[in-house]
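Take a look at the letters that make up each chain.
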Amino acid sequence: MDEIKIVFPDGSAGQCNYGTTIKEIIASWKKEMLPSIVAAKLNNKPVDLSHPIIEEPAALSLINIEAKEGLEILRHSISHVMAQAVKDLFDGVQITIGPSIEEGFYYDFDYSENFTPEDLTKIEERMREIVAADYPFVRREMSRQEAVSFFRERGETYKVELLNELPEDVRTISLYSQGGYVDLCRGPHIPSTGMIRAFKLLNVAGAYWRGDERNKMLQRIYGTGFATEKALAEYLHIVEEAKKRDHRKLGKELDLFQMNDEAGPGLIIFHPKGARLRNIIEDWERKEHLKRGYEMVIGPQILKADLWKRSGHFDHYRESMYFTEVEDQTYGIKPMNCLAHMLIYKSKIRSYRDLPLRYFELGTVHRHEKTGVLHGLMRARQFTQDDAHILCTPEQLNGEITAIADFVSYAMQVFGFDYDVEFSTRPEKSIGSDEEWEMATAALEGALKINKIEHEVNEGDGAFYGPKIDFKLKDALKRKWQCATIQCDFTLPERFDLSYIGADGEKHRPVMLHRVILGAIERFMGVLIEHHAGAFPVWLSPVQAVLMTVTDKHIPYGEKVYNDLIEAGIRAERDFRNEKLGYKIREAQMQKVPYMLVIGDREMESNKVSPRERSGKDLGATGVDEFIELVREKSAQYQ
RNA sequence: GCCCACGUAGCUCAGUCGGUAGAGCACAUCCUUGGUAAGGAUGAGGUCACCAGUUCAAUCCUGGUCGUGGGCUCCA
């Protein structure tokens, strides 16, 4: 067979000689495209550009460097270049794995010394040399046996381990090399190192071999790469922007909360303004839950350990719980709110006519999170969930899930977020029977299907007592945050022997849903802070307006206006200090207060205020009532 | 919990190759009464995270503890 029929990416037909490489085909077809093509797909299989065409049919499509897939290949190739640079510079380094990840790539190394930030600079320099040398990425295939002895000879024991753990049926192993560096890799890769134009090494971190904490800690170098310098600069700019928005930084600057060494790690102390913000959110929660048929309940903070044994928490969640001894009794400090809700249900005989019962609690829980995971408001040891437990008949399950999904959708709209939905199934460590899990899984999945809710599936990611639907909101920087979740639980009603009397006069087991809407209020506040960069919309602003006098003689009138605003429920503050107006404005601006009300001669004479928006826009002289109305309009969600 | 880095005034940070520290902002007092992002002067403020060790001498070196940050594992 000398001639092979090929189908070009645009669908047109052509032919080439047996063994012609894809690169050669593109060169003769549309040469100008070559610089932006990292790899190709041959009959939908990703391959290198150096791949020869030796089979029919040969349908080609190209992978552009700017496309998601192209970027992944580019980054993966950069990680190989980085590994080469590290091997060149440091003796005795063992390479392990180095994939591309969402925002870049990493490579894990086993090395006796620690890499320093200066080392990163050196590695980058060496990488630039490798890029300048324009080494081709060469694919080589060998048998499993050959590959094992090849890496064993080179002292790359991690690669040998990887090879040994490949499934039996993998017989041929592919290796990629560039400029003397060889790595075990499936590929494809970019044609040569010269194609790399924009990359940066970001930081060094520890990472367990194969992500298992029982294994050795390796050193991971993170980096990122883009098709162009411009795209890299844009990415680095977003990283900077994220740093500026860091809720821990803004929390301090805006005087919202503190974390205090003396109080303990993971414990949040809300300052007046942070407490106000939190109260606004919680008021909104109560109002919305009452509207939707929830009843508010309040459980105790500690419950006897025996009860936690009964619920299964003692066996499955003990490591994350705090315990305390009182009068020879062990009490568990609640890490979840469900127990008291179970006891409320059990306090009397329930009829099917009572269901569904929806118990809502802004429940404060304590979880003994590992120190290394604590992160400002996002990950604390004490936090408050907008938690509810719904007890219903199996038939009602669908409607309840639908209603929750609607609630979440409404909440996200009110707070201004987009979101994704993820569905998680049974994890390894779980309680309950197979049938229960199947029923619960089918119920959640069914509701998603009926309501046509688009979602991803995370196998094995569910809670230990049931499968769950997670809603991940997306903030202004497109970062995802876990907030709402719906978890189906057939186990707890069983363990607590919950029942209701059905229309048939018989006892039946109710089904339970655990759900949160905003999740942890603390985390949600953290997300809000970062989403708005601290400049909250009027309805959420801890301080909605600052009154500022031009001179001391305006203070009496200022006090009168202040009283009017406070009376009307506006969160106003006074800045009547002996400072210039510009100074007061600057301060209010940095505190990101939505309105600054200037009070001088003109306002005093006309009985008005002059609001200046946070944007810098001057609204001109406005009656006090008129201003109150304006703020009310902008706070409609809250009223 | 694990790996690495870090911890200096209320905040942001400088500094001391071992001889008990400094700036800007904030704060206080005084002057100034000034219309849309910093008016001026003076002053107060630190057991250099904590505990040991080495040393004539430790904020600096060593070890430990606590905390913070970036990750890993885990998770609302």
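Basis of the calculations
Residues numbered from 1 in each chain as written. Chains lettered and ligands numbered in written order. Predicted model: local features only at pLDDT ≥ 70, side-chain atom pairs only at ≥ 80, totals over all residues. Heavy atoms only, no water. Helix = DSSP H or I, 4+ residues; strand = E, 2+ residues; numbered from the N terminus. Buried < 20%, exposed > 50% of the residue type's maximum accessible area, 1.4 Å probe, protein only. Contact = heavy atoms within 4.5 Å. Areas by Shrake-Rupley, 256 points an atom, 1.4 Å probe, with all protein chains shown as cover. Lys, Arg positive; Asp, Glu negative; His and termini not counted. Charge placed at Lys NZ, Arg CZ, Asp CG, Glu CD. Near = heavy atom within 4 Å. Polar contact = N/O pair within 3.5 Å; in protein donor to acceptor, adjacent residues only side chain to side chain. Pairing = 2+ DSSP bridges. Axes fitted to C-alpha atoms, helices over the stretch in contact; angles between N-to-C directions. Parallel < 35°, antiparallel > 145°, perpendicular 65-115°, else oblique. Left-handed = near helix turned anticlockwise from the far one by under 90°. Nonpolar A, V, L, I, M, F, W, Y, C, P; charged D, E, K, R; others polar. Core = buried A, V, L, I, M, F, W, Y, C linked by side-chain atoms within 4.5 Å. Expected span 1.5 Å × (residues − 1). Salt bridge = Lys/Arg side-chain N within 4 Å of Asp/Glu carboxyl O.

(A) Region of the structure containing the overall build of chain A. If you tally the helices and strands in chain A, you get 19 helices and 34 strands. Principal-axis analysis of the C-alpha atoms gives chain A an extent of 90 × 75 × 55 Å. Considering chain A as a whole, with its 639 residues, one finds that 50% of them fall into the buried category. Sequence separation of at least 24 residues holds for 69% of the intrachain contacts in chain A that already meet a minimum separation of 6. When the accessible surface of chain A is totalled, it reaches about 30,900 Å², and 49% of it is carbon and sulfur. Charge-centre separation for chain A: the mean point of 85 positive side chains lies 2 Å from the mean point of 102 negative side chains.

(B) The protein's contact with RNA strand B, seen in detail. Close to RNA strand B lie 50 residues; Asn203, Tyr208, Gln482, Asn578 and Arg586 are nearest. Close to the protein, within 4 Å, the atoms of RNA strand B are drawn from sugar and phosphate at a rate of 45%. A distance of 2.5 Å separates a sugar or linking oxygen of RNA strand B from a polar side-chain atom of asparagine 203. One nitrogen or oxygen atom from the side chain of glutamate 369 is found 3.1 Å from a base nitrogen belonging to RNA strand B.

(C) Representation of the sheet that holds strand S19 (residues 329-333). On the basis of which strands lie adjacent, the open sheet formed by three strands has the order S17-S19-S18 and antiparallel pairing. Where the open sheet ends on each side, the last strands, each with one partner, are strand S17 (302-304) and strand S18 (322-326). Neighbour to neighbour, the strand axes of the sheet diverge by 35° on average, direction disregarded. By the bridge criterion, five bridges tie S18 to S19 in an arrangement that is antiparallel. Following the sheet pairing, phenylalanine 323 is matched in S19 by glycine 332.

(D) Here's a closer look at the packing of helix H4 (residues 144-153) against helix H5 (residues 157-164). Closest axis-to-axis distance for the H4/H5 pair is 8 Å, and the angle between their directions is 160°. Looking at the two axes, H4 sits roughly antiparallel to H5. At the point where H4 passes H5, the crossing takes the left-handed sense. Packed against H4, whose contacting residues are Arg144, Ala147, Val148, Phe151 and Arg152, the element H5 presents Lys159, Val160, Leu163 and Asn164 at the interface. The class makeup of the residues in the contact of H4 with H5 is five nonpolar, one polar and three charged.

(E) Structural detail: the pairing of strand S22 (residues 382-392). Of all 11 residues in S22, 10 are buried; the element is thus mostly enclosed. Both strand S21 (residues 357-366) and S22 contribute to a ladder of 10 bridges, which runs antiparallel. The residue of S22 that forms the bridge with leucine 362 is aspartate 386. The pairing of S22 with strand S29 (residues 511-520) spans seven bridges and is antiparallel. Counterpart to aspartate 387 in the pairing with S29 is valine 516.

(F) Region of interest: the nonpolar core. Core analysis: the biggest nonpolar cluster contains 58 residues, and Ile281, Leu397, Phe415, Ile469, Leu518, Phe524 and Leu540 have the highest contact counts within it. At 10 residues, helix H12 (residues 397-415) tops the list of elements feeding residues into this core. Counting residues in hydrophobic clusters, the runner-up holds 41 residues, among them Ile95, Met127, Tyr181 and Ile196.

(G) The arrangement of the environment of glutamate 55 in detail. With respect to the element layout, glutamate 55 can be found in the loop between strand S4 (45-47) and strand S5 (58-64). C-alpha of glutamate 55 to C-alpha of phenylalanine 314: the two residues are 259 residues apart in sequence and 61 Å apart in space. Once residues lying within four places of it in the same chain are set aside, the contact partners of glutamate 55 are Ile4 and Leu42.

(H) View of helix H8 (residues 272-291). Under the 1.5 Å per step criterion, the end-to-end length of H8 is 29 Å for 20 residues, consistent within 8% with the ideal 28 Å. Glycine 293, located one to two residues past H8, shows a positive phi value of around 80°.

(I) Just the pattern of salt bridges, in detail. Tallied over the entire structure, the rule returns 47 salt bridges. For arginine 126, the salt bridge identified is with aspartate 88, shortest N-O distance 2.7 Å. Here arginine 126 is found in helix H3 (residues 117-133), whereas its partner aspartate 88 is found in helix H2 (residues 68-89), with 38 residues between them in sequence. The class of aspartate 88 is partly exposed, set by a relative accessible area of 40%.

(J) Focus on the sheet that holds S5. Overall, mixed pairing links the five strands, which are arranged S2-S1-S5-S3-S4 in an open sheet. The sheet is open, and its two borders are formed by strand S2 (13-17) and S4, each paired with just one other strand. Across the sheet, the mean angle separating the axes of adjacent strands is 40° when strand polarity is ignored. As paired strands, strand S1 (residues 3-7) and S5 are joined by two bridges and run parallel to one another. Paired with isoleucine 6 across the two strands is alanine 58, which belongs to S5. Where helix H1 (residues 22-29) meets the sheet, it contacts S1, S2, strand S3 (37-42), S4 and S5, and its direction lies at approximately 80° from that of S5.

It is worth stressing that arrangement in space is one thing and function is another; only the former is reported here.
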